[in-house]
Amino acid sequence: MQKKYHYKRSTIYALLRDAKARKIELFPVVQKGPQHKRTPSDVQKKIIAYRKQRLSTPDIQFRLTQDGIDLSVSTVERILKQAGFGKLKRRTNKELGKTRDGKIIAERTQELNFTELEKFHVDCPSVGVFFFIPYILESGILDLIKECKLPESSDIGATQACLSMLLLKLIGGKRLSHIGSYDKEPGLGVFAGLNILPKPTYMCTYSCRCSEQQLMDLQQKVVSLFHKKYPAFYGNGFINLDFHSIPHHGDESEMEKVWCGAKGKTMKGANTIFASDGISNAIVYTRADVLRREEANEINKFVEYWKSIKENVAETLVFDCKFTTYRILDDLTQRKVKFVTLRKRYARLIKETRELPRGVWKKIYVPIPKRKYKRVSVYESQLRLKDCKSSFRQIIVKDHGRSEPTFIVTNNTELPLQSILEVYAKRWRIENKLAELVAFFNLNALSSPLMIRIHFDILWSMIADTFYHRLANDLRRFENNLAPTIFKKFIDVPGRVVYDGKLMCPAG
């Protein structure tokens, strides 16, 4: 042994001595496995309780992990087997609460009853949206929703459906179908008075249950209410109007082909009209179902709409040369509606302008910040356009940075020449507003080729935009910031919604 295993002689004598004294065992019995179960009895009882709820082994193991208990799936299976439980029968996706793709099915949307609601606190991804609640209550828009009798279902009232739509607009950049991203956010559901937000299908089809008359009636009442509540947003003497084409990519669409500036080409789309205040840039009018043959007459529809709100049209309407026809301009003059627009250029008109003597031109200073050409040359005259009974003021502008002169036409005889130039130069503000609606309120993402849905969508974009104006007005040093900036700095912040049984408040 000494030679084979390289033991020293002294080591062998020591082992023999200890063996005779029974201090060591040369051939000990090896114990196999634990003598008792290492899983505590309370954990075993919890596993059995979970199985009685018809949870599968992986689900039980996941629940235990959430409870801070680290057990393997095989251990859970062994405990269940020893307790006499067999394997569960294969369950359908509906029984599992999952879709075919494995997504967990959200619970059914239901209206919250705050008289019976217990205290709670839930996390919210954009808790800043609750800052709009005081303005919503202040505006009185909830009473208008009830007054207009918008559609509702057994589980979701008209107020809750509209607040869900408003919420989606306030958090910006989302289509109606994207509301499914928040179907497990009870914090956002509480905003609309629901346990969770409605499903995408419900939101996309809700507008189909509304009529065009209902939406126009709601819009008229909302703007009338806003006009009384927030006169600063509607007190300017000028209203800018413009068309906007929303592109649609569906092959089966029955929409007309229109010029879509966003795509730079003619394609099927929804032709919409917007009107905004000249100073605040708040939207005062929207309509989606505008056919090309009806474009010229849309300004008359706006005039009737504005008269229903203010009884008369004291503001000067500002629009471009393609907005309507000369005949409509003559009608506006007969109805004493003031406007500022452009005259279409053609070769003979430009030639006659260039032949004007130098002495008839007058230099005018246009006080617009960041404008490169502030001193322009103007020539004013009276003219009567084709098929018109009335005469108009024509202001020809050159030396303003363009290769061709600009021809401004107006029937406002009281407005100073400098003010006319300044007013029309600021017409780009409505184009900026449309760009904001596209970028933040997702205006160009049609939820449907049905015009009623599009009108419903842009109506709530208008309402959400007004609330952003109202919030910005109360934020010192942020009064002139646009909705995307306000959202980024104040709304898009995670937090917690706390309900103490009486009052609800967001906590950052």
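(A) Up close: the overall build of the chain. A tally of regular secondary structure across the chain gives 19 helices and 13 strands. By residue count, 47% of the 508 residues in the chain fall in the buried class. Contacts spanning at least 24 positions in sequence make up 65% of the contacts within the chain whose residues lie at least 6 apart. If you sum the accessible surface of the chain, you get close to 28900 Å²; carbon and sulfur atoms cover 50% of it.

(B) Just the packing of aromatic side chains, in detail. Summed over all chains, the structure comprises 21 aromatic pairs. Residues phenylalanine 226 and tyrosine 230 carry aromatic rings whose centres are separated by 5.7 Å and whose planes lie at 40° to one another, so their mutual orientation is tilted. A single burial state applies to phenylalanine 226 and to tyrosine 230, both of which are buried. With centroids separated by 6.2 Å and ring planes inclined at 70°, the aromatic side chains of phenylalanine 441 and tyrosine 468 adopt a geometry described as edge-to-face. With phenylalanine 441 in the loop between helix 17 (428–439) and helix 18 (451–474) and tyrosine 468 in helix 18, this pair connects stretches of sequence that are 27 residues apart.

(C) Quick look at the nonpolar core. Within the largest apolar cluster, 109 residues are counted, with the highest numbers of intra-cluster contacts made by Val129, Phe302, Leu317, Trp460, Ile463, Phe467 and Tyr468. Counting residues per element, this core draws most heavily on helix 18, at 13 residues. Other than its neighbours up to four places away in sequence, isoleucine 463 contacts Ile141, Leu166, Val222 and Phe226. Listed in part, the 19 residues of the second largest apolar core include Val340, Val366, Ile395 and Ile420.

(D) Examining the side chain of aspartate 465 more closely. Note on placement: aspartate 465 falls in helix 18. If we skip the residues at most four places from it in the chain, aspartate 465 touches Asn281, Ala282, Ile283, Lys433, Glu436 and Phe441.

(E) Fine view of the environment of asparagine 473. Checked against the element boundaries, asparagine 473 lands in helix 18. With residues near it in sequence (within four places) discarded, asparagine 473 still touches Phe233 and Glu479.

(F) Seen up close, the pairing of strand 5 (residues 283–287). Of all five residues that make up strand 5, five are buried, and the element is covered over most of its length. Direction of pairing for strand 4 (residues 265–277) relative to strand 5: antiparallel, over a ladder of four bridges. Note on strand 5: the bridge partner recorded for phenylalanine 274 is threonine 286. Once strand 4 ends, the chain turns through five residues before running back antiparallel as strand 5, passing asparagine 281 with a positive phi of about 65°.

(G) Representation of unusual backbone geometry within the structure. Backbone geometry at aspartate 387 places phi at a positive 65°, although glycine is not the residue there. Within the element layout of this structure, aspartate 387 appears in the loop between strand 9 (375–383) and strand 10 (392–398). Here arginine 477, not a glycine, exhibits a phi torsion of approximately 70°, which is positive. Relative to the helices and strands, arginine 477 resides in the loop between helix 18 and helix 19 (483–491).

(H) Quick peek at a nonpolar patch on the surface. Residues Tyr5, Tyr7, Leu15, Ile24, Leu26 and Phe27 make up a contiguous nonpolar surface patch of about 660 Å² in total accessible area. The topology assignment puts leucine 15 in helix 2 (residues 9–20). Assessed through its relative accessible area of 36%, leucine 15 is described here as partly exposed.

(I) Looking closely at helix 4 (residues 57–66). Considered for burial, the residues of helix 4 that qualify are Thr57, Ile60 and Leu64. Projected down its long axis, helix 4 shows its buried positions confined to an angular sector of 60°, all on one face. On its buried face, helix 4 is in contact with helix 3 (41–52) and helix 5 (73–82). Phi turns positive, to about 85°, at glycine 68, one or two residues after helix 4.

(J) Up close: the layout of surface pockets. Its boundaries defined by the atoms lining it, the largest pocket holds a volume of some 680 Å³. Lining the largest pocket we find 23 residues, and of these Leu342, His400, Arg402, Thr406 and Tyr424 sit closest to its centre. Within the residue set of the lining of the largest pocket, elements represented by two or more residues are strand 11 (406–410), helix 16 (417–425) and helix 17. When its residues are assigned to classes, the lining of the largest pocket shows 12 nonpolar, three polar and eight charged.

(K) Main features of the environment of valine 497. As for its position among the elements, valine 497 is in strand 12 (residues 495–499). By relative accessible area, valine 497 is classed as buried at 0%. Taking C-alpha positions, valine 497 is 7.2 Å from valine 127, a pair spaced 370 residues apart along the chain.

(L) Structural view of the pairing of strand 2 (residues 238–247). The element strand 2 is largely enclosed, with a buried count of 10 among its 10 residues. Residues of strand 2 alternate between two faces, with Phe238, Asn240, Asp242, His244 and Ile246 on one and Ile239, Leu241, Phe243, Ser245 and Pro247 on the opposite face, all of them buried. As defined by bridge partners, strand 2 adjoins strand 6 (residues 316–318) across three bridges and the pair is classed as parallel. For asparagine 240, the partnering residue across the bridge sits in strand 6 and is valine 318.

(M) Structural detail: the pattern of salt bridges. Evaluated as defined, the whole model comprises 22 salt bridges. The residue aspartate 67 makes a salt bridge to lysine 46 at a minimum N-O spacing of 3.8 Å. With aspartate 67 in the loop between helix 4 and helix 5 and lysine 46 in helix 3, this residue pair connects regions lying 21 residues apart in the sequence. According to the relative accessible area criterion, aspartate 67 is partly exposed, its value standing at 39%. Accessibility expressed as a relative area gives 31% for lysine 46, which makes it partly exposed. Through salt bridges with shared partners, a single ionic network connects Glu138, Arg470 and Asp474.

Scoring rules and cut-offs
- Residues numbered from 1 in each chain as written.
- Predicted model: local features only at pLDDT ≥ 70, side-chain atom pairs only at ≥ 80, totals over all residues.
- Heavy atoms only, no water.
- Helix = DSSP H or I, 4+ residues; strand = E, 2+ residues; numbered from the N terminus.
- Buried < 20%, exposed > 50% of the residue type's maximum accessible area, 1.4 Å probe, protein only.
- Contact = heavy atoms within 4.5 Å.
- Areas by Shrake-Rupley, 256 points an atom, 1.4 Å probe, with all protein chains shown as cover.
- Phe/Tyr/Trp six-rings, centres within 6.5 Å; stacked < 30°, edge-to-face > 60°.
- Core = buried A, V, L, I, M, F, W, Y, C linked by side-chain atoms within 4.5 Å.
- Pairing = 2+ DSSP bridges.
- Patch = residues over 30% accessible without salt bridge, like charges linked within 9 Å, V, L, I, M, F, W, Y side chains within 5 Å.
- Salt bridge = Lys/Arg side-chain N within 4 Å of Asp/Glu carboxyl O.
- Arc of directions from axis to C-beta.
- 1 Å grid on protein atoms, 1.4 Å probe; cavity = no way out; pocket = protein on both sides within 12 Å on 5 of 7 lines; lining within 4 Å.
- Points joined across faces, edges and corners; volume = space filled by probe spheres on them.
- Nonpolar A, V, L, I, M, F, W, Y, C, P; charged D, E, K, R; others polar.

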